[in-house]
Amino acid sequence: MDFFSIEFFTTLLSIVVIDLVLAGDNAIVIGLAARNLPKNQQKKAIIFGTVGAIIIRAIATMLVVYLLNIPGLHLIGGLLLLWIAYKLMTEEDQHEVKSGNSLLAAIWTIVIADAAMGIDNVLAVAGAAGGSFVLVFIGLLISIPVVVWGSTIIIKFMEKYPIIIFVGAAVVAWTAAKMIVKEPFLMGIFAKAWIQYAFEFIVVVILISIGYTKSNQNKASNPEKEKSAS
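What counts, and at which threshold
- Residues numbered from 1 in each chain as written.
- Predicted model: local features only at pLDDT ≥ 70, side-chain atom pairs only at ≥ 80, totals over all residues.
- Heavy atoms only, no water.
- Buried < 20%, exposed > 50% of the residue type's maximum accessible area, 1.4 Å probe, protein only.
- Helix = DSSP H or I, 4+ residues; strand = E, 2+ residues; numbered from the N terminus.
- Contact = heavy atoms within 4.5 Å.
- Phe/Tyr/Trp six-rings, centres within 6.5 Å; stacked < 30°, edge-to-face > 60°.
- pLDDT = per-residue confidence, 0-100.
- Patch = residues over 30% accessible without salt bridge, like charges linked within 9 Å, V, L, I, M, F, W, Y side chains within 5 Å.
- Areas by Shrake-Rupley, 256 points an atom, 1.4 Å probe, with all protein chains shown as cover.
- Salt bridge = Lys/Arg side-chain N within 4 Å of Asp/Glu carboxyl O.
- Core = buried A, V, L, I, M, F, W, Y, C linked by side-chain atoms within 4.5 Å.
- Expected span 1.5 Å × (residues − 1).

Q: I'd love a proper account of helix α5 (residues 119–129), names of residues and values included.
A: Counting buried positions over the eleven residues of α5 gives nine, a clear majority of the element. Among the residues of α5, N121, V122, L123, A124, V125, A126, G127, A128 and A129 are the ones counted as buried. One or two residues past the end of α5 sits G130, with phi positive at roughly 60°.

Q: Help me get a handle on the environment of V125, residues and values and all.
A: Here V125 shows up in helix α5. Residue V125 is classed as buried on the basis of its relative accessible area of 2%. Sequence-distant contacts of V125, that is, excluding residues within four places in its chain, are made with I15, I18, D19, T61 and V136.

Q: Describe the packing of aromatic side chains, with residues and values.
A: Summed over the entire model, instances satisfying the criterion amount to four aromatic pairs. Between F166 and Y212, the aromatic rings sit 5.7 Å apart at their centres with planes inclined by 65°, giving edge-to-face as the arrangement. Taken together, the residues F166 in helix α8 (residues 163–181) and Y212 in helix α9 (residues 193–221) connect sequence positions 46 residues apart. Given a relative accessible area of 47%, Y212 falls into the partly exposed group. Between F190 and F199 the ring centres are 4.9 Å apart and the planes differ by 55°, which places this aromatic pair in the tilted class. On the basis of relative accessible area, F190 is assigned to the buried category, the value being 7%.

Q: Describe in detail the confidence of the model for the protein chain, supporting the description with residues and values.
A: Looking at the protein chain as a whole, its pLDDT mean stands at 77, while 75% of the residues score no less than 70. Per-element confidence in the protein chain ranges from a low mean pLDDT of 52 for helix α10 (residues 223–229) to a high of 89 for α9.

Q: Kindly report on a nonpolar patch on the surface, identifying the contributing residues and their values.
A: On the surface, I47, F48, V51, I55 and I59 cluster together to form a nonpolar patch covering roughly 460 Å² of accessible area. Structurally, V51 is set in helix α2 (residues 39–67). The class for V51 is partly exposed, based on a relative accessible area of 43%.

Q: Can you break down the nonpolar core residue by residue, with the values?
A: Grouped together as the largest cluster of nonpolar side chains are 44 residues, with contacts concentrated most on I18, L22, L81, L82, L207 and I208. Where this core is concerned, the elements lending two or more residues are α1 (6–34), α2, α3 (73–90), α5, α6 (133–149), α8 and α9. A total of twelve residues in this core trace back to one element, the largest contributor, which is α8. The contacts of I208, once residues within four sequence positions are left out, are M89, F166, A169 and A170. Core analysis: the second largest hydrophobic core is formed by six residues, A45, A106, I107 and V111 among them.

Q: Describe α8, listing the residues and the values that go with them.
A: Taking 1.5 Å of rise per residue, 19 residues should cover 27 Å, and α8 covers 27 Å from first to last C-alpha, within 8% of that figure. Counting buried positions along α8 gives 15 out of 19 residues, so the element sits mostly inside the fold.

Next comes the structure, spelled out in C-alpha cells:
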C-alpha cells in the first residue's frame, strides 16, 4: 500500500472510525475504574492505565495482523467481525467494573478491562489495516487520545445520534467483507474486482438492514427503557 494514496487514507479513516465506535465505550470503563481515587490520583491512573492499555492493544493487534497470514483465519475473522457489527447495533453495553481503591489497583483494572473489552477492536483494526503496522500505529495515535479525553462527548453523540453507531457498524461489516474476500482459498470465487465489490456491498446492506430491524424491535419491546434513556 502506497503512503499518501487514496487507499492509504481510506484505510486510515476506517481504522479511526472503528477505534472511536468500538473503543469509545472502553473510555467509560477507564472513568469507572478511577472514580474512587482522590482527585490528584485520578489523572495519573487514567494516563498510566491508558498507556498500558495502548501498549497491550498495539502488541495484540500486531499479533493478530501476523496470525491473519494463516490460511482460513481471514474467513474466521471476517465472520467474527460480522457478528461484532451486528452486536454493535443491537446490544446494549453493561459496565460492571469495580473501581480501584489505590493508584496501582486502578491502573491494573484499566489495563485488564481494556484488554478484555478490546478484543473486537483489535480484530477489526487488524482486518482493516491489511497487514500494515504503520496504519495500526497511526490509527492508535489519532484515536486513543480522542477516546480517553473525549469519551463523554463521543458517548453523548452516539446516544443523541444513533446513526453514528450504524455508520460504525457499516465500516466494521465492510472490513469483515474485505477480510473474507482476501481469504486465499476463496480467491477463485472473488477473482474479478466487480464480484468483490458486489459482495462487500451486499454484505454491508444485508447486515445493516438486519441490525436496524432488530434494533427497532428491541426499542418497541422496551419502551420504558427508551423513555428513561431520552
